[in-house]
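Overview (structure and organization)
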Amino acid sequence: MTSGSELKADVVAPITNGKSDFDSVHDDDNNDSGHSSINTPDTTEDKQIDKLVKVTIQPSCGEAFDLHLSDNELVQELYQTLLDREATCHRTCFSLYLNGTAVDNYSEVRAVPGFVDGCTLNVVDEPYTIRDARLHLRQVRELLKFGLSQDQHEPPCSNDAQSFLTTINLQPDEKKEPKQSDILPPDYVLPGCKDRSLSHLVVPQPKELVALKDISISPFNPPPGPRKLRGDVMYIDLSTVENRIYHVTCCTRGFYINNSQDGRFDPTPSSSNKTIYQSVIELLQSVSAGFKKVYPQILKRRQDKSLVERLPTSYPVSTWVTNPLKQDSYTSDSLRAIELTEPFRVGFEDHMPGLLRDWNEELQTTFEMPRKTIAERAIRDRSYYKIHADYVNAAAKGVQSILDGNILAINPGEDRKTHMYIWNNIFFSLGFDVRDHYKELGGDAAAFAATSTDLQGVRAFATLEDPKLNTLGMAIFDYRGYRVTAQSIIPGILEREQEQSVVYGSIDFGKTVVSDEKYHDLLEEAAQQLKMLPHTVISEKDGVEQEFKLYTSYEAKGIVGNDGRKYVLDLLRSMPPDVHYLEDAEVSEAAKELGYPRQFPHKLSALRRELVDSFCESRLVTFIQLTAKKIRDLIAVAKEKNDEELIKQAAEAESELSLVFMAISEDKEIETKNKIVQDAIKEACAVVHSISDDRYLVKFNPDCFSANVKHAPSENLERQRRVVVDAAEYLLTTQIPDLVQSFKDCTLQPIDGENLADVMHAKGINIRYLGEIGKRLQDTNSFARPLVLSDIVARSAKHVIRKINVQTSADQLSSSTSHILNCLFSVVSEPSPVGTTATKKANKKNGKKKTAGIWSALTTASLWKSICEESAYYYGFSIESESLDKFIETHDIQKTAIFRRICKVMGVQLVAKDYQLDTAGKKSATFTEDDIINFFPIIKHHQPFTADAKKMFIRGQHAMSVGASREAYECIGEAINLMTAVYGVMHPDMPQCLRALARLSHVLGETADALNHQHKATVMSERLIGLDSGNTIVEYINLAHFAFGALLIPGSLRPLYRARYLMNLVFGEKHPVMAQIDANIGTILFTIQEFDTALKYLQSADAISKSIGEPKKLKTGLISNLIARTHAARGDFRAALSAEKETFAIYSEVFGPNHQRVKESGEYLSVLTQQAVSFQKKMLNPNSNTNINELFQVQPPPVSSLFEILNIINGIMIIGIPGLANLAALERAQNEAADESKAAEVAAQLDTETLD
């Protein structure tokens, strides 16, 4: 068993000067989510230099071993190393002793007296306590779980996701001869195949290794007084695979079998076995032959899992499909039953003093940690990230318990929609308009939207460079139709009235406003960074009007907690309003032509921060260009007139203007007395609609369109509103057209709805503009058309179904969900009977009557009508199709793709099987209640990130773009080190960084490193983002590329087959990524001379590229050339000539007539023509004794050339292609190989044909 330090080194090694260089770094497997100790990058800032020390550890069982570690590690991490090792993992109650003295767990290694290089640490077993016994049983349970199928026992939202890649063997099996079936694709990934079974999606489960039937806390607990005084700690019942039950006493010295039997209590040692064992594992090995046989196999399975497979994910992850629940395989687990059914158990009882964690105090304390140096920022970011991840995990558990009815509301006597909960020091509320707070803004729809916009505000304030105000810990969960908001609790907020708490902002929607000078000082810098315009409002109290200055919206509230911290909350109006969705607001002429403003469910629509930043940057560039042009024009006129005085004045103006530009870029005010500069600034300000006449001022008053607040007369509302209108117009006239053009040019290639949302948000485009994008794409042949239109339908369906689920009781959820899916994907012409026949009979027998939910009245026609109405109302997109099948047919949408998207946005988990959705007009029910496994929460929260790692990664990307591969390698390697120090190993940003590092390793000729990095990136992507996410598909393509570079030919095809299957499931065939996958498969099959199959994929790639109008002509030309060579290898020279003529035309268009590629294509055309004529003559000459293999003299290109083609197809441009010397052997094998049977078959086929 590898040690924890060895496992850590397997994930990512610190990178110095572009090389991997590690000795040993420890990792905390279970408690720290894979965090290493902080190893910050080299810096000139003050930092204590870390040293590597060698230490010998002598366990209480087994042999001593050496370990290398950094002296800044915590001693606690040595404990985790011992729990990782195979020989010591079963012992949990011990201490480390150095020179006879116990070592403090939580001190750094360098702080331990006598801890020097080469010292020996002794492991000494300690007496058990109740806490130690519980932790020991938990460790035993965790070890034995490695032998069980994980799907059956984990909740749908957990930190233990699986990876499919671990079941794919990239390395060749040296013991077996390679078979053709190992290379050729399975039928369900062939081009044009209609098989869309979900059964291939889930991870195949290995055979269960059951070593112990159950381990439970005995009902005889707790030990009575006399037994406690004799050392009894706890009583345990063990049920072995031999169907024997052992009653065990845990005493301070260990575990022994007692004499209790069949309800008779006797905790004294058994006469047949009086041995006291240090662990339950050792006891079971002595009494159970079945356990002794199976336990080593479980340890081997655990050892075979790499660290990236074993580590828990930081945040809960979910999957929308799973294996069916088999009643006989759902094993009993008494410890699991206790943990998951008792609401007072929050998961930290055995680790935290005082049981409940004070989330707010932890979040605020870590948030306020110093961040001046890189080392300080790394420690601060790591601490804050870890606390936030724990908070989100705890909140997820609380939300599921709340909706399961396992937690009592703090106001149980009120309507359920108004219920609020406090659990584990977290405040939970439901997303409904409980007291008509949002009545004028849209009611429940506004209350629902307010949580999302509030979260956007929390994210904005949390990402400020030096935030001086505290925000609440916040997470949003959409679960079973409900929106639940989880927030940390401000100290003292529950003990006083809101009016007494708020010292800044308004609690009555702007009628009365309070303000505080202390808050002004704190908010000024935040408002400046967030482009918020300070403004003055009038507050009226007791008939007296008073002016107050606000730096934020009046909705934001400032509260001073009992801890003395200044909090800001209710940040839902931190960004400017979107006037296109305010019915009475003024909009630009361009917006009016597009039908804006229009009706919307609520009035809280706001622009995104990305759009605000992009718009302000655009306006600043325009302002600088206009003012600079004015001065340059003046200089040109002065020179033309030869006016020395004017030239001098213009030069002075140009010099002063540069100072003005510098001040504006730093957001500082500067006054200029130069008349020329003043005039230029005034003219530019008028053009960019600056709020001020004589200085550049483009900021947003978030309250300028609010009717609830009274603005001071000094506020220029007209200009303030004009800036907001311009920003909204910028979204419509610049950002959306740019995005649509990117789709048409295939420069952006989102694969699924999540990718689409990401690229939209990156451009600052809200999801509510999906309809606008759909209108601009619906008449094109862009690949994005079916993606955007299917997302509109899926999201509209989510809105409709959410309202139904809220009104559905828990016992009808599976019935309602299966009925809704049947209405969508089958033909349901009549309302559903309530429940199944068996349920009706049972209810009748019990005297109960099952009431029908509103879901039962749904039919296919009524549900589709509701979806169309929601699409028109919410997204402004009119659906003309009379049914979902017609809509799918009209817009060439893959039915499985839209089915997957609807299930994911609904949060529904189903059985992975073939639902045969493509059977048109099915009247039989496709889905049954047994197909619905569970619901999972969709989680939104502020994700803390390390800015230093992000900057380093961006710097590395820039170096990549200019061809500085070595510098890029070092920067991205440093970014990964920082991310590992802050996030640990498992974080959603890590796959992207590892993929970039793999590509750079590939470019630099380090093939093995490239494959290693990409393998980890793919496993992480599957576990963190999803088995079938768009990111995972891209990772599989890159993995196949680097496997081919390492000459693992079957190993390179298997990831591509997996990627093609996922692409078929997630989108369909007509996508540029599918063309890329097919081109990769075709090229690799061509390399190993599987020409018939290669031709199918190459022709598929060519057809897809042409059908979606992909403008990347170089790739199209390469594919056409490969098609020509494949036809020639098969003897079909007519088709080869036709394909190569197309290649010649493409190259001529792209490169011009004198380019090397054009010349090579022309030469190959000549060769093909000659070979075709020669082949025909020899075939028609009956007296010819020519060997059939001599007819095929067209040599395939060398493997290095094919590898270069793959580099271009996959977007990796390499000059010189270093590291390809190892391809020589494969090239020789390729040139020597000749398939006589295939040649004879082709000759027979052409015997009756005549070539032109």
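All values reported here derive from a predicted model rather than from experimental measurement.

1. Side note on the overall build of the protein
- A tally of helices and strands in the protein yields 40 helices and 27 strands.
- By residue count, 56% of the 1252 residues in the protein fall in the buried class.
- Long-range contacts, defined here as pairs at least 24 residues apart, represent 71% of the contacts in the protein between residues at least 6 apart.

2. Looking at the side chain of arginine 483
- Among the secondary structure elements, arginine 483 is positioned in strand β18 (residues 482–488).
- Given a relative accessible area of 3%, arginine 483 falls into the buried group.
- Here serine 452 takes part through its side chain, which lies 2.7 Å from a polar atom of the side chain of arginine 483.
- Separated by 2.8 Å, the side chains of arginine 483 and aspartate 478 make a polar contact.
- When neighbours within four sequence positions are excluded, arginine 483 is seen to be in contact with Ser429, Leu430, Gly431, Phe448, Thr451, Ser452, Ile476, Phe477, Asp478 and Lys940.

3. Digging into helix α22 (residues 813–825)
- Taking 1.5 Å as the rise per residue, α22 with 13 residues should run 18 Å; its terminal C-alpha atoms sit 18 Å apart, in good agreement.
- Counting buried positions over the 13 residues of α22 gives 12, a clear majority of the element.
- Buried within α22 are the following residues: Leu813, Ser815, Ser816, Thr817, Ser818, His819, Ile820, Leu821, Asn822, Cys823, Leu824 and Phe825.

4. Details of the packing of aromatic side chains
- Under the counting rule described, the total for this entry stands at 31 aromatic pairs.
- With a centroid separation of 6.2 Å and an interplanar angle of 45°, the aromatic rings of tyrosine 596 and tyrosine 769 are classed as tilted. One end of the pair, tyrosine 596, is in the loop between α14 (589–593) and α15 (609–641); the other, tyrosine 769, is in the loop between α19 (753–762) and α20 (770–777), with 173 residues separating them in the sequence. Pair check on accessibility: tyrosine 596 and tyrosine 769 agree, each one buried.
- Measuring from ring centre to ring centre gives 4.7 Å for phenylalanine 600 and tyrosine 874, while their planes differ by 45°; the resulting arrangement is tilted. With phenylalanine 600 in the loop between α14 and α15 and tyrosine 874 in helix α24 (residues 860–875), the pair connects residues that are 274 residues apart, well separated along the chain.
- Here the aromatic cluster, defined as three or more aromatic residues joined through ring pairs, consists of Tyr581, Tyr596, Phe600, Tyr769, Tyr874 and Tyr875.
- Here the guanidinium or amino end of arginine 371 rests over the ring plane of phenylalanine 367, the centre of that ring lying 5.4 Å away.
- The side chain of lysine 950 reaches across the aromatic face of phenylalanine 945, ending 4.7 Å from its centre.

5. Re unusual backbone geometry
- A cis amide bond links asparagine 221 to the next residue, proline 222, at an omega of -5°.
- Within the secondary structure, proline 222 is located in the loop between β9 (212–217) and α4 (225–228).
- In this structure, proline 597 follows tyrosine 596 across a cis peptide bond, with omega equal to -5°.
- Unlike most non-glycine residues, leucine 1047 shows phi in positive territory, near 65°.
- Within the secondary structure, leucine 1047 sits in the loop between α31 (1030–1045) and α32 (1049–1066).
- Under the relative-accessibility criterion, leucine 1047 is labelled partly exposed at 29%.
- Within the chain, glutamine 1089 stands out as a residue other than glycine whose phi angle is a positive 65°.
- Relative to the helices and strands, glutamine 1089 resides in the loop between α33 (1072–1087) and α34 (1091–1107).

6. Digging into helix α27 (residues 947–961)
- Taking 1.5 Å of rise per residue, the 15 residues of α27 would be expected to cover 21 Å, and the 21 Å separating its terminal C-alpha atoms lies within 8% of that figure.
- Asp948, Ala949, Met952, Phe953, Gly956 and Ala959 are the residues of α27 that are buried. Considered in projection along α27, the buried side chains sweep an arc of 130° and stay on one side of the axis. In α27, the exposed residues that point more than 90 degrees away from the buried face are Lys951, His958 and Ser961.
- In this structure, the buried residues of α27 make contact with α10 (374–403), α28 (965–983) and α29 (990–1003).
- One or two positions beyond α27, positive phi appears at glycine 963, with a value near 90°.

7. Overview of the confidence of the model for the protein
- Within the protein, residue pLDDT values average 83, and 86% of them lie at 70 or more.
- Low pLDDT, under 50, characterises residues 1–47; the stretch is placed with 154 contacts to residues that sit more than four places away or in other chains.
- A low-confidence stretch, residues 1214–1252 (pLDDT under 50), is modelled with 58 contacts involving residues beyond four sequence positions or located in other chains.

8. Side note on the pattern of salt bridges
- For the structure shown, the criterion picks out 53 salt bridges.
- Across the salt bridge formed by lysine 1070 and aspartate 892, the nearest N and O atoms sit 3.0 Å from each other. You can see lysine 1070 sitting in the loop between α32 and α33 and its partner aspartate 892 sitting in the loop between α25 (884–890) and α26 (895–906), a full 178 residues away along the chain.
- Taking relative accessible area as the criterion, aspartate 892 reaches 42% and is therefore assigned partly exposed.
- Through salt bridges that share partners, Glu754, Asp791, Arg795, Arg901 and Lys904 make up one connected network.

9. Observations regarding the sheet that holds strand β10 (residues 232–240)
- Taking strand neighbours across the sheet as the criterion, the 4 strands line up as β9-β10-β11-β12 in an open arrangement whose pairing is antiparallel. Only two strands of the sheet have a single neighbouring strand rather than two, namely β9 and β12 (254–257). For this sheet the average axis-to-axis angle between neighbouring strands, irrespective of direction, equals 30°.
- Note that β9 and β10 share 5 bridges and pair antiparallel. Residue pairing for β10: leucine 212 is matched across the bridge by threonine 240.
- Strands β9, β10, β11 (245–251) and β12 of the sheet are contacted by helix α3 (residues 130–144), whose axis makes an angle of about 20° with β10.

10. A word on the packing of α27 against α28
- Contact geometry for α27 and α28: axes closest at 8 Å, N-to-C directions at 160°. What the angle tells us is that α27 and α28 run roughly antiparallel. Between α27 and α28 the crossing geometry is left-handed. Together, Asp948, Ala949, Met952, Phe953, Arg955, Gly956, Ala959 and Met960 of α27 and Glu967, Ala968, Cys971, Ile972, Glu974, Ala975, Leu978 and Met979 of α28 make up the contact between the two elements.
- Among the residues making up the contact of α27 with α28, the classes are represented as 11 nonpolar, 1 polar and 4 charged.

11. Some details on the sheet that holds strand β3 (residues 52–58)
- A sheet is described by the order of its strands in space; here 5 strands give the open sequence β4-β3-β7-β5-β6, paired in mixed fashion. A single partner strand is all that each edge strand has here, and the edge strands are β4 (65–70) and β6 (101–102).
- Against the sheet, helix α2 (residues 76–84) touches β3, β4, β5 (94–98) and β7 (120–125), its axis set at about 120° to β5.

12. Here's the deal with the nonpolar core
- Ranked by size, the top nonpolar core spans 250 residues in total, and within it Phe428, Ile773, Phe825, Phe899, Leu910 and Ile1033 carry the most contacts.
- Setting aside its immediate chain neighbours within four residues, phenylalanine 825 contacts Leu884, Lys895, Ile898, Phe899, Ile902, Leu917, Thr926 and Phe927.
- Within the second largest apolar cluster, 33 residues are counted, among which are Phe146, Leu212, Phe291 and Leu335.

13. Thoughts on the environment of histidine 68
- Its place among the elements puts histidine 68 in strand β4.
- Histidine 68 sits in the partly exposed class, given a relative accessible area of 36%.
- Distance from histidine 68 to threonine 56, taken between C-alpha atoms, is 8.9 Å for residues 12 residues apart in sequence.

14. A look at the environment of leucine 209
- Structurally, leucine 209 can be placed in the loop between β8 (157–158) and β9.
- Here the alpha-carbon distance between leucine 209 and arginine 301, two residues 92 residues apart in the chain, equals 9.6 Å.

Calculation criteria
- Residues numbered from 1 in each chain as written.
- Predicted model: local features only at pLDDT ≥ 70, side-chain atom pairs only at ≥ 80, totals over all residues.
- Heavy atoms only, no water.
- Helix = DSSP H or I, 4+ residues; strand = E, 2+ residues; numbered from the N terminus.
- Buried < 20%, exposed > 50% of the residue type's maximum accessible area, 1.4 Å probe, protein only.
- Contact = heavy atoms within 4.5 Å.
- Polar contact = N/O pair within 3.5 Å; in protein donor to acceptor, adjacent residues only side chain to side chain.
- Expected span 1.5 Å × (residues − 1).
- Phe/Tyr/Trp six-rings, centres within 6.5 Å; stacked < 30°, edge-to-face > 60°.
- Lys NZ or Arg CZ within 6 Å of the ring centre and 35° of its normal.
- Arc of directions from axis to C-beta.
- pLDDT = per-residue confidence, 0-100.
- Salt bridge = Lys/Arg side-chain N within 4 Å of Asp/Glu carboxyl O.
- Pairing = 2+ DSSP bridges.
- Axes fitted to C-alpha atoms, helices over the stretch in contact; angles between N-to-C directions.
- Parallel < 35°, antiparallel > 145°, perpendicular 65-115°, else oblique.
- Left-handed = near helix turned anticlockwise from the far one by under 90°.
- Nonpolar A, V, L, I, M, F, W, Y, C, P; charged D, E, K, R; others polar.
- Core = buried A, V, L, I, M, F, W, Y, C linked by side-chain atoms within 4.5 Å.

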